[in-house]
Amino acid sequence: MSEDRKFDGRRALLKKAAGLTAAGMMATRAAEAAGVSKASVKYRDKPNGGHQCSGCALFVPGSSATANGTCKAVAGSISPHGWCILWTPKAA
C-alpha cells in the first residue's frame, strides 16, 4: 500500500471520529437543556419542611413571586412552593 493511500485512510478515520465526537457533544447538550424528568427527582408541588424551590439555587423564578418558574436541572413548569431531591440552598 502506498504512503498516499495510508494517509488518505487516516484522514478519513480522523474525520469520522471528529464527526462522532461533535454529534455526541450535541446530544449531551440537548439532554442538559431538556432537563431531567420530575419523576426521576421525586418532584412534588409542596415544600419539604422549610425547603422549597423558591429557596433553591437551581430555581429560575417566574414573572411574579407566586407564578411558576423553571429549573436549571428539571424539565417543565416548577412551582416556587415545590421541592425535589436536587434541592440546593441559594448562596447567602
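Our subject in this report is the structure included herewith.

**Overview of the environment of Val60**
Right, so step 1: With respect to the helices and strands, Val60 occurs in strand E1 (residues 59-60).
Right, so step 2: The residues contacting Val60, other than those within four sequence positions of it, are Gly69, Thr70 and Lys72.

**Describing the nonpolar core**
Right, so step 1: Of all hydrophobic cores here, the largest spans 9 residues; its members are Val41, Tyr43, Cys53, Cys56, Phe59, Cys71, Val74, Ile78 and Cys84.
Right, so step 2: Once you skip the residues sitting within four places of it in the chain, Ile78 turns out to touch Lys38, Tyr43, Cys53, Phe59, Asn68, Gly69, Thr70 and Cys71.

**Description of unusual backbone geometry**
Right, so step 1: Backbone geometry at Lys42 places phi at a positive 55°, although glycine is not the residue there.
Right, so step 2: Assignment of secondary structure puts Lys42 in the loop between helix H1 (3-34) and E1.

**Considerations on the state of the cysteines**
Working definition of a disulfide: a covalent bond connecting the sulfur atoms of two cysteines.
Right, so step 1: All told, the structure shown has 0 disulfides when counted by the stated rule.
Right, so step 2: In this structure Cys56 is a free cysteine whose sulfur lies 6.1 Å from that of Cys71, the closest cysteine sulfur available.
Right, so step 3: Using a relative accessible area of 7% as the deciding quantity, one classes Cys56 as buried.
Right, so step 4: This cysteine, Cys71, is not joined by any disulfide, and Cys84 carries the nearest cysteine sulfur, 6.0 Å off.
Right, so step 5: Given a relative accessible area of 19%, Cys71 falls into the buried group.

**Some points on the environment of Gly35**
Right, so step 1: Relative to the elements of secondary structure, Gly35 occurs in the loop between H1 and E1.
Right, so step 2: Along the primary structure Gly35 and Ala73 are separated by 38 residues, whereas in three dimensions their C-alpha atoms are 4.9 Å apart.
Right, so step 3: Once residues lying within four places of it in the same chain are set aside, the contact partners of Gly35 are Ala73, Val74 and Ala75.

Procedures and definitions
- Residues numbered from 1 in each chain as written.
- Predicted model: local features only at pLDDT ≥ 70, side-chain atom pairs only at ≥ 80, totals over all residues.
- Heavy atoms only, no water.
- Helix = DSSP H or I, 4+ residues; strand = E, 2+ residues; numbered from the N terminus.
- Contact = heavy atoms within 4.5 Å.
- Core = buried A, V, L, I, M, F, W, Y, C linked by side-chain atoms within 4.5 Å.
- Buried < 20%, exposed > 50% of the residue type's maximum accessible area, 1.4 Å probe, protein only.
- Disulfide = S-S within 2.5 Å.

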